Amino acid sequence: MPQEQEQKREGRPPREGRGPEGGRGPEGRGPSEGGRGPERGDRRDDRRGDRGRPEGPPEIELEKLMADSLYLDNQAHGIVSRMRDMDSGTKSQLRRFYSAVRRAVRAPESERQHEFVMLRARLAYTIARHGLRSLDQLERLLLQVTRKNDLRGYERFRDLFEAIVAYNE
């Protein structure tokens, strides 16, 4: 065995995603430097969503959520299950956010959409700060609800969040 290979095995393992030359990508080069991208076993792009996050479960459909209580219940169970598997989010974080959702639903109609836009920003911050990847699906749903700007959609989002808090206890 050559001496160089022995030294590599004894030392620290190379940083993930680094090639032999210390660059990015499978050959040690980034895509702009002649790297080949997602070929031969490099499946990073296959697992990524549109914002560079790992793909998770399919999006929650707002229309189904508004029309079907059992769908809402199943989605709440699924999110809580993923939270237990993936994240270390605390119950108090969820309850605080749920309180903010309830306040936003009760806001005057002229302010309601703005309140939900700010909730989405707050949720995005919480997800990033605490690594709560299981809540990505809720962030996407919150965007749909805010764009629709319908009181019934806001109320169903609140109901979904209430079920998540309840099932997480």
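Right above here is the structure, for reference.
Computed from a predicted model, the values in this text were never measured in an experiment. Within each chain, residues carry numbers counting from 1 in the order of the written sequence. In view of the model being predicted, local features appear only for residues whose pLDDT reaches at least 70, and side-chain atom pairs are presented and counted only at 80 or more, with totals across whole chains, interfaces and linings using the full set of residues. Computation of side-chain values covers all heavy atoms of the structure but excludes hydrogens and water.

Caption draft 1: Main features of the overall build of the chain. To qualify as a helix, a DSSP run of H or I must reach at least 4 residues; to qualify as a strand, a run of E must reach at least 2; elements of each kind are numbered from the N terminus. Tallying secondary structure elements over the chain gives eight helices and zero strands in all. Tracing the chain from N to C terminus, the helices and strands come up as α-α-α-α-α-α-α-α. For the chain, the proportion of its 169 residues judged to be buried stands at 34%. In this description, accessible areas are obtained by the Shrake-Rupley approach with a 1.4 Å probe, and a residue is regarded as covered only by the protein chains that are shown. As displayed, the chain has an accessible area near 11300 Å², and 45% of this comes from carbon and sulfur atoms. Exposure categories follow from relative accessible area, calculated using a 1.4 Å probe and restricted to protein chains: below 20% of the type maximum is buried, above 50% is exposed, and the middle band is partly exposed.

Caption draft 2: Up close: the nonpolar core. Each nonpolar core is a collection of buried residues, namely Ala, Val, Leu, Ile, Met, Phe, Trp, Tyr and Cys, held together in the definition by side-chain atoms within 4.5 Å. Counting residues in each nonpolar core, the largest one holds 34 residues, and the members touching the most others are Leu135, Leu138, Leu141, Phe157, Leu160 and Ile164. Going through the elements one at a time, α3 (62-67), α4 (69-86), α5 (91-106), α6 (109-130), α7 (136-148) and α8 (151-168) are the ones with two or more residues in this core.

Caption draft 3: Highlighting the packing of aromatic side chains. Here a Phe, Tyr or Trp ring, Trp counted by its six-membered ring, pairs with any other such ring whose centre lies within 6.5 Å, and the pair is stacked when the planes are under 30 degrees apart, edge-to-face when over 60, and tilted otherwise. Counting across every chain of the model gives five aromatic pairs. Where Phe116 meets Tyr154, the ring centres are 4.1 Å apart and the plane angle is 25°; that geometry is what we call stacked. Within this pair, whereas Phe116 is found in helix α6, its partner Tyr154 is found in helix α8, the two being separated by 38 residues in sequence. Ring centres 6.4 Å apart and planes at 80° place the aromatic pair Phe116 and Phe157 in the edge-to-face group. Of this pair, Phe116 sits in helix α6 while Phe157 sits in helix α8, and the two are 41 residues apart along the sequence. Here Phe116 and Phe157 have matching classes, each one buried. Among the aromatic side chains, those forming a connected cluster through ring pairs are Phe97, Tyr98, Phe116, Tyr154, Phe157 and Phe161.

Caption draft 4: The pattern of salt bridges, seen in detail. Any carboxyl oxygen of Asp or Glu that lies within 4 Å of a side-chain nitrogen of Lys or Arg is treated as forming a salt bridge with it. The tally for this structure, following the rule as stated, stands at six salt bridges. In this structure, Glu63 and Lys148 form a salt bridge, with 2.5 Å as the shortest nitrogen-oxygen distance. Here Lys148 lies in helix α7 and Glu63 lies in helix α3, a separation of 85 residues in the sequence. Overall, the relative accessible area of 35% leaves Lys148 in the partly exposed class.

Caption draft 5: Just a positive patch on the surface, in detail. On the surface, Arg96, Arg102, Arg103, Arg106 and Arg122 cluster together into a patch of positive charge. At four residues, α5 tops the list of elements feeding residues into the positive patch. Within the element layout of this structure, Arg122 appears in helix α6. Judged by its relative accessible area of 36%, Arg122 falls in the partly exposed class. Patches were defined on residues exceeding 30% relative accessible area and lacking a salt bridge, with like-charge contacts within 9 Å and nonpolar side-chain contacts (Val, Leu, Ile, Met, Phe, Trp, Tyr) within 5 Å. Just so you know, the count uses Lys and Arg for positive and Asp and Glu for negative, and it drops His and the chain ends. For charged residues, the charge sits on one atom: NZ in Lys, CZ in Arg, CG in Asp, CD in Glu.

Caption draft 6: Inspection of the environment of Glu109 at higher detail. In this fold, Glu109 is placed in helix α6. Residue Glu109 is classed as exposed on the basis of its relative accessible area, which comes to 66%.

Caption draft 7: Layout of the side chain of Thr146. Tracing the backbone shows Thr146 in helix α7. Residue class for Thr146 comes out buried when judged on its relative accessible area of 6%. Polar contacts here mean pairs of N or O atoms no more than 3.5 Å apart (in protein, one a potential hydrogen donor and the other a potential acceptor; neighbouring residues in sequence count only if both atoms are side-chain atoms). Of the polar contacts made by the side chain of Thr146, one reaches the backbone oxygen of Leu142; its length is 2.7 Å. The residues touching Thr146, leaving out its near neighbours within four places in the chain, are Gln113, Phe116, Val117 and Tyr154. What makes two residues a contact is simply this: any of their non-hydrogen atoms within 4.5 Å.

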